[in-house]
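Here is how the chains run, residue by residue.
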Amino acid sequence: MSLVKAKKHLGQHFLTDKKIAAKIVDGLIHTDQYQKVLEVGPGMGILSDILLEKENFETYLIDIDRESYQFLEEKYPQLGERLILGDFLALDLRTIFPEKFAIIGNFPYNISSQILFKVLEHRDNVVEMVGMFQKEVAERCASKSGTKEYGILSVLIQAYYNIDYLFTVKPGTFNPPPKVNSGVIRLSRNDVAELPCDEKLFWRVVKAGFNQRRKTLRNALSGTIPKEKMDDHAFFDKRAEQLSVADFISLTQHLTMLNQ
């Protein structure tokens, strides 16, 4: 089999360190809660080799790169329909995975946020996700209120998932090496079936607050609720980064009351 050439437009950086690959796979700890694991962007299969040795779940692979797909098809003929040629972001996950499942991958940096929002969209089924992202993105997901890294992804992910920053990966473990460090995180679905507030409004409030993060929420949310409807609630005089997930839920509940 000829090796797959990494493609810049797909953000491909192939991991070459098998010990790091094993550590990523070992990040899956809730395997009693699902029977299927989807690896996104397997490339030449350094994670897949380890995943396919596991007997407590069934591994599926998806890659948008036809060259990778053909390489993996030859490497793992036993996979059959469990090897998918396609775009993860466009994939109808509920058709393939109607029950609980996990996602794992060394994710392309250029679509990191889109991958995380896809996971959030399918939060009722995605029990666990272990992924390698650009270190800055991984840290942003795990950051707490009051920090400059804290943002939209931090709040939305932490509303539905417990998050662990597992470890940092240096550029030299990839071919070609990226220009930045990478970070591996684990998302584990929490016990919140649904938030105790209007979830669509919650998402709007979080996005509006951080889209103008230097402004107080009184100003940042003026497109969501007219200023004349706002009262003297302390949250309106704070900036988005000062509010915890619980605070955003309380703020959403308060806005719902003000709009009645």
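Keep in mind that what you see is a predicted model, and the values were worked out from it rather than measured.

**Q** Would you mind going over the environment of Leu79 with me for this structure?
**A** Inspection of the secondary structure puts Leu79 in the loop between α3 (66-75) and β4 (83-85). A relative accessible area of 4% places Leu79 in the buried class. When the C-alpha atoms of Leu79 and Leu153 are compared, they prove to be 34 Å apart, with 74 residues separating the residues in sequence. When sequence neighbours within four positions are dropped, the list of residues in contact with Leu79 reads Leu52, Thr59 and Leu61.

**Q** Looking at this structure, how should I read the sheet that holds strand β6 (residues 126-134)?
**A** Consider a sheet: its strands pair through backbone hydrogen bonds, and that pairing is either parallel or antiparallel. In space, the seven strands of this open sheet follow the order β4-β3-β2-β5-β6-β9-β7, with mixed pairing throughout. The open sheet terminates on both sides in strands that have one partner only, identified here as β4 and β7 (161-169). Ignoring strand direction, the axes of neighbouring strands in this sheet form an average angle of 20°. One ladder, built from three bridges, connects strand β3 (residues 58-63) with β4; its direction is parallel. Residue pairing across strands places Asp63 opposite Leu85, the latter belonging to β4. Helix α5 (residues 112-121) rests against β5 (101-106), β6, β7 and β9 (182-189) of the sheet, and its axis sits at about 175° to β6.

Basis of the calculations
- Residues numbered from 1 in each chain as written.
- Predicted model: local features only at pLDDT ≥ 70, side-chain atom pairs only at ≥ 80, totals over all residues.
- Heavy atoms only, no water.
- Helix = DSSP H or I, 4+ residues; strand = E, 2+ residues; numbered from the N terminus.
- Buried < 20%, exposed > 50% of the residue type's maximum accessible area, 1.4 Å probe, protein only.
- Contact = heavy atoms within 4.5 Å.
- Pairing = 2+ DSSP bridges.
- Axes fitted to C-alpha atoms, helices over the stretch in contact; angles between N-to-C directions.

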